[in-house]
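# Overview (structure and organization)
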There are 2 protein chains.
Amino acid sequence: MLRFSFHSPNPNHPSAKTLDPSPVFRSVKTFAPATVANLGPGFDFLGCAVDGLGDVITLSVDPGVAPGKIVISSISGAPKLSHNPLRNCAGIAAIEIMRKLGVRSVGLSLSLEKGLPLGSGLGSSAASAAAAAVAVDALFGSTLTAHDLVLAGLESEAKVSGYHADNIGPAILGGFVLIRSYEPFEILPLNFPADRDLVFVLVSPDFEAPTKKMREALPAEVGMKEHIRNSSQAAALVAAVLQGDARVLGSALSSDVIVEPKRAPLIPGMAAVKVAAMEAGAFGCTISGAGPTVVAVIDGEQQGKEIGDRMVEAFLVNGGLRAKATVSKLDRVGARVISSSNQ
Amino acid sequence: MLRFSFHSPNPNHPSAKTLDPSPVFRSVKTFAPATVANLGPGFDFLGCAVDGLGDVITLSVDPGVAPGKIVISSISGAPKLSHNPLRNCAGIAAIEIMRKLGVRSVGLSLSLEKGLPLGSGLGSSAASAAAAAVAVDALFGSTLTAHDLVLAGLESEAKVSGYHADNIGPAILGGFVLIRSYEPFEILPLNFPADRDLVFVLVSPDFEAPTKKMREALPAEVGMKEHIRNSSQAAALVAAVLQGDARVLGSALSSDVIVEPKRAPLIPGMAAVKVAAMEAGAFGCTISGAGPTVVAVIDGEQQGKEIGDRMVEAFLVNGGLRAKATVSKLDRVGARVISSSNQ
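Residues numbered from 1 in each chain as written. Chains lettered and ligands numbered in written order. Predicted model: local features only at pLDDT ≥ 70, side-chain atom pairs only at ≥ 80, totals over all residues. Heavy atoms only, no water.

Residue and element names in this part refer to chain A. Look at the link from Gly291 to Pro292: it is a cis peptide, with omega at 5°. In this fold, Pro292 is placed in the loop between β10 (284-287) and β11 (294-298). Phi at Asp44 is positive, roughly 75°, even though this residue is not glycine. Relative to the helices and strands, Asp44 is located in the loop between β2 (27-37) and β3 (46-61). (Helix = DSSP H or I, 4+ residues; strand = E, 2+ residues; numbered from the N terminus.)

Spelled out as structure tokens, the structure:
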């Protein structure tokens, strides 16, 4: 089992005090996928990456930028995002990696193409942070461990959306990731068998989820009975991932009795959307992250469109919300370099 | 993934209304292993079977017993147990299976050799029920499913020690078992890889655990933070079982922040016993079932004796209790026939 522990750093880890690496490329382009956190009873400790949707970053050595510094030269797809790297999730993650590598002699410029809408429950900030962390590392020869990359992304998440790793973990590593503990920081990648398919129907309504209300809706205490029910379903969910059983995975994900019942009423039409997904053949359905995107699970793409159409219809009829459906497979790779150049 | 669902009975299931099977043997002898329930954060939904310790049942066709009836002819190792089959966990499970099979024409006599002490936290009642259920089924040709056997055992547990399947599940099936839900009744066998070793050090003190106090010590409500911590560790425990990682398994089992902190103080010396186990090299340590047995986990038998000695010493020094240590491997088989005869 792969494990990352905060207290066991890679002995080959470059030290910021001694290294000032030279870039290996003049420019790299990276992609990081959308992620679905929580997964029902996996609230705050489980997440997975989904393909197709994500953010793209182009990072270049830029003689016009002061050595050791980074600027954000352009952002497309999200006009509201700050160009100040200290206030931008991609910028924060990039700076964190530059610091780890000890980059002092070259300046960098970063261009961000947001493929993910902000605040949709699809790990938008984590995708930007993951793509940025991998880009900086790749530009200097890919010397860091996955653990380093996740920790840099976690710093970014902490400043932008809260200290939680259930989006940044899978955004970097791909597949399913279990956040086991924060002190020490330990995450377990969970391998869904390569010969099985897992398909997600992601339906995002035109609705700004009330983040504060979503957080306040969480109960401070849970009944012992509900604790046991959710724990056993979370355990079943992990077993289903490792055993490649999409049906059990879906029904476990669908069985949260603690968080979903509190949050679903804050998303207009959500209850009906879940019913529609299940009636159309989904194995399970819940809120993606803190919403408002709703995620349904199935084991093949052929049913995905029909399920998505029904969910979109239910959002319109029952919640008065327009929505968009995407059918995605499990992304098993996570953040990656898609091209590099020395031109 | 093997699943047993209450609502999907085997279509080949013999119906009590039509069948009155003939015995295939005159006598069978069965064994069922001890079980460790709860496993820390798996409270009330995880359990596993351990080898070496267990109960033995000899079941015979007896012309002296009224057709369709069963008598308990002898019990060794537990003078307090009732010989009335309706008040004995082996008797109740046997009757349940006789009813399922529709046994009407032959009478049976059952002899029980208790290898497990009562009230020790090692699934004593479940072992008797499991051995009895398998014995009756075997005597009539082993036609029932594991699901039938577990349900019969669960009936027995419900009458004797509470409606919980985290002992009877692994006592019947062997290995690790996750009780996913009771309505519908669904359990997931979790396969610890065959090529890996898993060893349990079981230390039972001379102490009658105050069952009522143990139950009352459970909090009615759990903080959200503790819920998430325990759930993620239970999820890690399941991942460790399926991935065969004894070290993660041990540390997850050792990390319960909800039940163990409340119950441990009711077992004199328990805290020191846990420290002693960890200092001697155990990967993890917690209460077995509702105690008073304490279980430590390791990946080889060689260290088991030393760890057991230290734990026994800690019970004596810190709790004033004499204790006995047993080193057992994971039992992967569960309840089984050890001999059969037509003599």
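The next thing to look at is the environment of Val294 of chain A. Residue and element names in this part refer to chain A. Among the structural elements, Val294 can be located in strand β11. Taking the relative accessible area as the measure of exposure, Val294 reaches 0% and is therefore buried. With 195 residues separating them along the chain, Val294 and Arg99 place their C-alpha atoms 37 Å apart. Excluding its chain neighbours within four sequence positions, the residues that come into contact with Val294 are Val201, Leu202, Val203, Met270, Val273, Cys285, Thr286, Ser288, Met311 and Phe315. (Buried < 20%, exposed > 50% of the residue type's maximum accessible area, 1.4 Å probe, protein only. Contact = heavy atoms within 4.5 Å.)

Quick look at the environment of Asp148 of chain A now. The topology assignment puts Asp148 of chain A in helix α3 (residues 146-160). Note on Asp148 of chain A: relative accessible area 5%, which makes it buried.

Our next topic: the UniProt feature "domain: GHMP kinase N-terminal" (unreviewed entry) in chain A. The sites that carry the UniProt feature "domain: GHMP kinase N-terminal" (unreviewed entry) are, in the present numbering, residues 93-175 of chain A. Between the C-alpha atoms that bound residues 93-175 of chain A there is a distance of 21 Å. The span itself is 55% helix and 7% strand. (UniProt positions renumbered as here; feature names shortened; annotations may be inferred.)

Right, let's get into helix α1 (residues 89-101) of chain A. Think of an α-helix as turning once every 3.6 residues; residues three or four places apart then point the same way. Residues and elements named next belong to chain A. Spanning 13 residues, α1 covers 19 Å between terminal C-alpha atoms, matching the ideal 18 Å at 1.5 Å per step. Counting buried positions along α1 gives 11 out of 13 residues, so the element sits mostly inside the fold. Contacts from the buried residues of α1 go to β3, β4 (70-76), β5 (108-113), α2 (124-139) and α3. For α1, the N-terminal cap is Asn88; the gap from its side-chain oxygen to the backbone nitrogen of Ala90 is 2.8 Å. Looking one or two places after α1, you find Gly102, whose phi comes out positive at around 75°. (Expected span 1.5 Å × (residues − 1). Polar contact = N/O pair within 3.5 Å; in protein donor to acceptor, adjacent residues only side chain to side chain.)

With an RMSD of 0.0 Å, chain A superimposes on chain B once it is rotated by 180° and translated 0.0 Å along the axis. What the rotation and shift describe, once combined, is the action of a two-fold rotation axis. (Least-squares fit on C-alpha atoms with pLDDT ≥ 70 in both.)

Turning to the nonpolar core, a few remarks are in order. As a rule of thumb, nonpolar side chains are buried together in soluble globular proteins. Phe176 of chain A together with Phe176 of chain B are the most contacted members of the largest nonpolar core, which totals 232 residues. With residues near it in sequence (within four places) discarded, Phe176 of chain A still touches Leu39, Gly47, Cys48, Leu188, Pro189, Leu190, Phe192, Leu198, Phe200, Val241, Leu249 and Leu330 of chain A. (Core = buried A, V, L, I, M, F, W, Y, C linked by side-chain atoms within 4.5 Å.)

Residues and elements named next belong to chain A. Taking strand neighbours across the sheet as the criterion, the four strands line up as β10-β11-β8-β12 in an open arrangement whose pairing is antiparallel. Either end of the sheet is taken by a strand with one partner, and the two such strands are β10 and β12 (323-329). Within the sheet, the average angular offset between the axes of one strand and its neighbour, ignoring direction, is 20°. Inspection of the sheet shows β10 paired to β11 by four bridges, in the antiparallel sense. Following the sheet pairing, Cys285 is matched in β11 by Ala296. In this fold helix α9 (residues 270-279) packs onto β10 and β11, with an angle of close to 160° to the strand it touches most, β10. This element, helix α10 (residues 304-319), spans β8 (199-205), β10, β11 and β12 of the sheet and lies at about 25° to β8. (Pairing = 2+ DSSP bridges. Axes fitted to C-alpha atoms, helices over the stretch in contact; angles between N-to-C directions.)

Once that is clear, we can look at the interface of chain A and chain B. Frequently, the measure chosen for interface size is the accessible area removed from exposure when the parts meet. Taken residue by residue, the interface counts 39 residues in chain A and 39 residues in chain B. The junction of chain A with chain B conceals about 3200 Å² of combined surface from both sides, 63% of it contributed by carbon and sulfur atoms. Our count for the chain A to chain B interface comes out at zero salt bridges. For the pair chain A and chain B, the number of links is 11 residue pairs in polar contact (both at pLDDT 80 or more). Those elements that place two or more of their residues in the side of chain A that touches chain B are β6 (176-182), β7 (185-190), β9 (221-223), α6 (224-243) and α7 (246-253) of chain A. At 14 residues, α6 of chain A tops the list of elements feeding residues into the side of chain A that touches chain B. Here β9 of chain A pairs with strand β9 (residues 221-223) of chain B via three bridges, running antiparallel. Counterpart to Gly223 of chain A in the pairing with β9 of chain B is Glu221 of chain B. (Buried area = accessible area lost by both parts, 1.4 Å probe. Salt bridge = Lys/Arg side-chain N within 4 Å of Asp/Glu carboxyl O.)

Let us look at the pairing of strand β6 (residues 176-182) of chain B. Residue and element names in this part refer to chain B. Of all seven residues in β6, six are buried, a share of seventy percent or more. Note that strand β3 (residues 46-61) and β6 share three bridges and pair antiparallel. Each bridged residue has a counterpart across the sheet, and for Leu46 the counterpart in β6 is Leu178. Across six bridges, β6 lies against strand β7 (residues 185-190) in antiparallel orientation. Bridge pairing in β7 places Tyr182 opposite Phe185. Counting the residues between successive antiparallel strands, the hairpin from β6 to β7 contains two residues.

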